[in-house]
Amino acid sequence: MKILHSLSVLSLAVLPSWAQQGDQPRALPAPGETPSPATLADDPEANPAQINPGVRVDPGAFLNTRIEGWDVVMEREKQRPLFEQPSRRFRNGKRGEWESPDGDGALPTHSGDKAITNYWGDLRMPIGFDGQVDLIGVWLGKGSGQGSEADAVRLLGQAEGKTIVTGAWTDLEEQMVFVTLNAKGIDRLLIEARKADWTQAWYSLDDLTYVRAGRTVVIDFEDVPPGNLTGTGYGGLAWQRGEALKAHSPGPVSLLTRPQPQPLAPLVAPKPASPSPAAPVAPSVGIIDPPSVMQQFFCQELGGNPGASSIPPDTHGAVGPNHFVTVVNSNITYYSKTGSLIAGASLNSFFGASAGGDPRVVYDPQDNRWIVISTNFSNRIYLAVSLTDSPQGGWLKTSFNTSQGADANRWPDYPTLGVGARGVYMSALMIDNTSGSGTMTIWALDKAPMIASSPALGTVTAFRNLGYTQANQPAVHWEDPGVAYIASTWNTNQILIRRVNPPLTAPTLQTASILTVASHSSPPDAPASGSSVPISTGDDRLQNAVYRGGSLFTCHTIGTNQNTAGIRWYEIGPSNGADIQRSTIRDTTGVFHYYYPSIAVNSVGDVVVGYSGSSASTFVSCFVSGRQDSDTQSDISDPLEYKTGTGSYQILDGSGRNRWGDYSGTTCDPDDDTFWTVQTFGRSGNLWRLRAAQLEYDSPLISNYCVTTPNSVGTGALISATGTTSIGANDLTLLATGMPAGQFMLFFYSFGQGLTPVANGFLCVSAPLFRLGATPISGLGDSSWSFNVASPPQASGQVSMGDTVFFQAWYRDPAAGGANSNFSDGLQTIWIP
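What you are looking at is a predicted structure, and each value in this text was computed from that prediction instead of being measured. (Residues numbered from 1 in each chain as written. Predicted model: local features only at pLDDT ≥ 70, side-chain atom pairs only at ≥ 80, totals over all residues. Heavy atoms only, no water.)

Trainee: I would appreciate a short explanation of the overall build of the protein chain in the present structure.
Mentor: A count of helical and extended segments in the protein chain gives 5 helices and 56 strands. By the burial criterion, 59% of the 833 residues in the protein chain qualify as buried. Across the protein chain, contacts joining residues at least 24 apart in sequence account for 67% of those joining residues at least 6 apart. When the accessible surface of the protein chain is split by element, carbon and sulfur atoms take 51% of a total near 28600 Å². (Helix = DSSP H or I, 4+ residues; strand = E, 2+ residues; numbered from the N terminus. Buried < 20%, exposed > 50% of the residue type's maximum accessible area, 1.4 Å probe, protein only. Contact = heavy atoms within 4.5 Å. Areas by Shrake-Rupley, 256 points an atom, 1.4 Å probe, with all protein chains shown as cover.)

Listed below in structure tokens is the structure:
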């Protein structure tokens, strides 16, 4: 369900009422049929015995398949015409203004704590004086946080409407620099900024210094009020609007239009005027700890990055070993994992075509590649697969014609993306250009050729004319279950799990399971402070899916008993539809609404859900909830607000909706098992902005368990370890203490716990056991062993990411009598990448 309202890429499509309003999915009726509710008995698509062979996509449908790097992308970015620059359309003729920060983050300063910036990044910003002054200079610097920092500035002194002196260009640095101008008797200062190939460039300004009537004046902004300075007369000066738009006419605005679907009779039974609220799901949120926020940083902003000039933002992001990548309509940007911006570009420049929007990005944890998609809302989906684990390297890029076969005369909307061991999987709602009706299509792409040493496209299979399920969410698979799972809502109380069967050179699609859950309804729109039209929360389609540890995790927004928008999450056994656990994140007081969630799970089973939230007295803000695997089944923490919204938001689309979402991104770090989420908050000026956060649970990866028993030298032997349980680091060293000196001992391990009386103590592991070798006990009664995770004693003892491994020490103790030997306590270890 997509309506891109953009001042740079304006989409005019309006979906039929059945898609707009989030009606529940049903089987697709034949033309002229009266729709009826779907049941497992009468719908062949839900029958696991039905196997869909799909059709091969003609290789001729693919266009301009090539390998290219970021240097090519940036060269295209340079060639973008001025009138395609992002802020130009979003500003819609508005002129730049001076602004003091509103709490989004401090600007760099020369003195004190406050400075101001050129809002909109206007290239020509004036300041008027009340009479003639002699200018000394002003401190200027990068670091406005807007993503397009000025490379250089120069000062122009004006008097009586004419420029009387022009300064030299001065390069800006992260640290403030003092820019001078020998300008006497001026009544106006004009600051010009530049950034290569951009039509906006931000900077910070502090300590404006001039002489008037023999008195030196320094405007240090320490008492400046937050917000727009225009018309305030702050400091006795005229903070005037920018002149860049007057100086440089942008020319005509180019529009990307989509075919206008015509509303017909709905494919599904109409929703009741007042739908019943969702049935309660027990338990709900509980008194457990949310994840800890390790760090957070700003990402893209509406009008602040190349191509980022549309609503809704369609926020998405993923984390890899060394980078965090975010995509929005219509921009891609990647950062270091400390939040430093590395590079960004419009999606048009990235794909080398009018790639439109609805972008998504995932990191493939099995083959260490980045995958990005987007659509032009006409007849193509664009695809990019990185050649390495770095977005800075080369990419295999292509696009394919979606409007073929049964999808002829249809256009793709709301494409989704997942990846497994064998394939890349996409799905979209295909909307008929004439009737406005829609069906679903799933594509399965053979991954092996795309990640080969000489990357190329392989077999692409389309499964078309599938019944309307709002959105099919292919999972990001952390392990290989032998198939690939795709989840969707099937009914008001059912979730449909499909599977794609290998080989990917000739895949088939069939139903894996259907999970019956408590009934749910679409969420109400959410009030937000300062928004007279509430925030559109979309519908109850699933938002993403993750396969890990043998389970499928997914989530969506629903209506709650409190008549608010809430979030329900699930852990499902995909092969048999097992209802492992689920609960709803909601405000039981009926004040807060939560919407557009995304879910992630780490190797030890901890879960984090990221989402937006608001209330009538709160701007749209960023939230997370989470649970540790050791928490009570189905329980999840109360919402944790990690970024408070700082301004109201209201930009209506052609249907009068105040669009937000349409989704968000939460992923697990393949390097250290932490979580990363990117959510969107409201900012003053009717802006959306992204805020990324890294989160963690302090789950003990190394802990003791079981018991030790007294020996001939004391209370018993104890086992411990130094180093980490990182497979990549491979630095775990085992240590046993409290043993009789001069005897022999050995360490061993197993993949299961136990508690069996053996010898003079207890065996704390279960079979099979893997021995690490005998070593002498030192004169201090201890011994150690460096555990080489890459070289197990037997192949069946290989430790992999996510494994829980149990270590113990055995030692000889003749002086104790009995069986003449004993055991330490046990050591549990959980292994991460």
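Here the narrative resumes.
Trainee: Sorry if this is basic, but what is going on with the state of the cysteines here?
Mentor: In a disulfide, the sulfur atoms of two cysteines are held together by a covalent bond. Under the counting rule described, the total for this entry stands at 1 disulfide. Disulfide partner of Cys-706: Cys-764, at an S-S distance of 1.9 Å. Around the S-S axis, the bridge from Cys-706 to Cys-764 shows a dihedral of about -75° and counts as left-handed. Note that Cys-706 is positioned in the loop between strand E47 (702-705) and strand E48 (718-722) and Cys-764 in strand E52 (residues 761-765), a separation of 58 residues in sequence. (Disulfide = S-S within 2.5 Å.)

Trainee: Honestly, a negative patch on the surface in this entry has me stumped. Any pointers?
Mentor: On the surface, a cluster of negative charge is made up of Asp-113, Asp-220, Glu-222 and Asp-223. Note that Glu-222 resides in the loop between strand E12 (215-219) and strand E13 (227-228). Of the residues examined, Glu-222 reaches a relative accessible area of 31% and is grouped as partly exposed. (Patch = residues over 30% accessible without salt bridge, like charges linked within 9 Å, V, L, I, M, F, W, Y side chains within 5 Å. Salt bridge = Lys/Arg side-chain N within 4 Å of Asp/Glu carboxyl O. Lys, Arg positive; Asp, Glu negative; His and termini not counted. Charge placed at Lys NZ, Arg CZ, Asp CG, Glu CD.)

Trainee: I keep staring at the nonpolar core and nothing clicks. Help me out?
Mentor: Most often, soluble globular proteins keep nonpolar side chains buried together rather than apart. In terms of nonpolar packing, the biggest core is built from 39 residues, with Ile-371, Met-426, Trp-443, Leu-445 and Val-609 touching the most fellow members. The element that contributes the greatest number of residues to this core is strand E27 (residues 423-432), accounting for 4 residues. Setting aside chain neighbours within four positions, we find Trp-443 in contact with Val-57, Ile-381, Phe-400, Thr-402, Val-424, Tyr-425, Met-426, Ser-427, Ala-428, Met-430, Thr-461 and Ala-462. Among the nonpolar cores identified, the runner-up in size contains 35 residues, and Leu-123, Leu-205, Ile-219 and Val-224 belong to it. (Core = buried A, V, L, I, M, F, W, Y, C linked by side-chain atoms within 4.5 Å.)

Trainee: I tried to follow the packing of aromatic side chains on my own but got confused; where do I start?
Mentor: In this description, a pair of aromatic rings is defined by centroid distance and the angle of the planes. Tallying each qualifying case throughout the model produces 38 aromatic pairs. Between the NZ or CZ atom of Arg-541 and the centre of the ring of Tyr-414, over which it lies, the distance is 4.5 Å. In this structure, Arg-689 packs its charged tip against the face of Phe-298, placed 4.3 Å from the ring centre. (Phe/Tyr/Trp six-rings, centres within 6.5 Å; stacked < 30°, edge-to-face > 60°. Lys NZ or Arg CZ within 6 Å of the ring centre and 35° of its normal.)

Trainee: How should the side chain of Asn-602 be read in this particular structure?
Mentor: Within the secondary structure, Asn-602 sits in the loop between strand E39 (593-601) and strand E40 (607-615). Of the polar contacts made by the side chain of Asn-602, one reaches the backbone nitrogen of Asp-606; its length is 2.9 Å. The residues touching Asn-602, leaving out its near neighbours within four places in the chain, are Arg-548, Cys-668, Asp-673 and Phe-675. (Polar contact = N/O pair within 3.5 Å; in protein donor to acceptor, adjacent residues only side chain to side chain.)

Trainee: How should I be thinking about empty space enclosed by the protein in this particular structure?
Mentor: The probe, sized like a water molecule, is rolled over the atoms to show the empty space still left. The tally for this structure, following the rule as stated, stands at 6 cavities of 30 Å³ or more. What the largest cavity holds in volume is close to 270 Å³. In terms of lining residues, the largest cavity is bounded by 27 residues, among which Val-362, Val-476, Val-546, Thr-666 and Thr-667 are the most central. When its residues are assigned to classes, the lining of the largest cavity shows 16 nonpolar, 10 polar and 1 charged. (1 Å grid on protein atoms, 1.4 Å probe; cavity = no way out; pocket = protein on both sides within 12 Å on 5 of 7 lines; lining within 4 Å. Points joined across faces, edges and corners; volume = space filled by probe spheres on them. Nonpolar A, V, L, I, M, F, W, Y, C, P; charged D, E, K, R; others polar.)

Trainee: What is the right way to look at the pattern of salt bridges in this model?
Mentor: Side chains bearing opposite charge may pair, as long as their charged atoms lie close to each other. Scanning the entire structure with this criterion turns up 21 salt bridges. Measuring nitrogen to oxygen at the nearest pair gives 2.6 Å for the salt bridge that ties Asp-367 to Lys-447. Of this pair, Asp-367 sits in the loop between strand E22 (357-364) and strand E23 (369-375) while Lys-447 sits in the loop between strand E28 (438-446) and strand E29 (460-466), and the two are 80 residues apart along the sequence. Overall, Asp-367 belongs to the partly exposed group, its relative accessible area being 27%. A salt bridge links Asp-653 to Arg-657; the nearest nitrogen and oxygen atoms lie 3.1 Å apart. Assigned by exposure class, Asp-653 and Arg-657 land together as buried.

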